[in-house]
Structure formats: C-alpha cells, structure tokens
Amino acid sequence: SFCCGGRGEEVRLESKVMGGWCYRGRGLSACFCVPCVPLGCPECLCPCAAKRTIFVEDADFAVKIITQARDDAKIRMKVMER
C-alpha cells in the first residue's frame, strides 16, 4: 500500500477465471492446481492462487489507481485500446 498509505480499508486483488469458479494460478511452484485454483481450495494446499489483500487509507481511490495501472499496462502490451 505504498502509493495509497495507511492500514484503514481492505482491498482484495483477485484474478478469477472460468466464469469466476477459479483463481488464476501464478508461477511454477509445487502447487498441483496450476493454472487454475478452485475457489474453495485452502491457501495452504495451493499457495499459487493469484490473489492478495492489501490495506489502504482510501479503498475507492486505491481501486481507481490499480485499475488505471492495469489498463495502462494492457495498452502498452497492445491488448487494449484507449
């Protein structure tokens, strides 16, 4: 939460796939569920799920910054137009 400070409000970052039934797997690890981790799978069994929780001072502002950064990256990779 470097750019948004504080430990006030919670923001959850999740990358869901397959109609929202799975989290996207990330990296090559000992996780057997890659590339898809079922939503109900405990994190201790599949630590490779692409999800994180951060705490920020203002959640609405943080979500706007994160969404803009994601969209800017997609534009740079040419997978989205302005």
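What counts and what doesn't
Residues numbered from 1 in each chain as written. Predicted model: local features only at pLDDT ≥ 70, side-chain atom pairs only at ≥ 80, totals over all residues. Heavy atoms only, no water. Helix = DSSP H or I, 4+ residues; strand = E, 2+ residues; numbered from the N terminus. Buried < 20%, exposed > 50% of the residue type's maximum accessible area, 1.4 Å probe, protein only. Salt bridge = Lys/Arg side-chain N within 4 Å of Asp/Glu carboxyl O. Pairing = 2+ DSSP bridges. Expected span 1.5 Å × (residues − 1). Arc of directions from axis to C-beta. Contact = heavy atoms within 4.5 Å. Polar contact = N/O pair within 3.5 Å; in protein donor to acceptor, adjacent residues only side chain to side chain.

*Asks:* Looking at this structure, I do not really get the environment of Gly8. What am I missing?
*Replies:* Along the polypeptide, Gly8 turns up in the segment before strand S1 (9-14). Accessibility expressed as a relative area gives 57% for Gly8, which makes it exposed.

*Asks:* Before we go on, may I ask you to explain the pattern of salt bridges in this structure?
*Replies:* Oppositely charged side chains may form a pair once their charged atoms are brought near each other. One pass over the structure, following the stated rule, counts three salt bridges. Where Glu10 meets Arg12, a salt bridge forms, and the shortest distance between an N and an O atom there is 3.4 Å. Among the residues examined, Glu10 registers a relative accessible area of 41% and is labelled partly exposed. For Asp71, the salt bridge goes to Arg70, with nearest N and O atoms at 3.0 Å.

*Asks:* Where do I start with the sheet that holds strand S3 (residues 22-24) in this structure?
*Replies:* Sheet strands pair by backbone hydrogen bonding; their relative direction is either parallel or antiparallel. With respect to topology, three strands assemble into an open sheet ordered S2-S3-S4, the strand pairing being antiparallel. Of all strands in the sheet, those bounded by a partner on one side alone are strand S2 (16-17) and strand S4 (36-38). As defined by bridge partners, S3 adjoins S4 across three bridges and the pair is classed as antiparallel. What sits directly across from Arg24, in S4, is Cys36.

*Asks:* Please explain helix H1 (residues 59-76) as it appears in this structure.
*Replies:* Because each turn of an α-helix spans 3.6 residues, side chains separated by three or four positions end up pointing in the same direction. The end-to-end C-alpha distance of H1 is 26 Å, a good match for the 26 Å that 18 residues give at a rise of 1.5 Å each. Three or more residues of H1 are buried, namely Ala59, Ala62 and Asp71. Angular distribution of buried residues about the axis of H1 spans 165°; they occupy a single face of the element. Summarising the geometry of H1, the exposed residues directed more than 90 degrees from the buried face are Asp60, Lys64 and Arg76. Lining the buried residues of H1 we find S1 and strand S5 (51-56). One side-chain oxygen of the residue at the start of H1 lies 3.3 Å from the amide nitrogen of Asp60, identifying that residue as Asp58. Lys78 sits one or two residues past H1 and shows a positive phi near 65°.

Geometric values such as these leave the question of function open.
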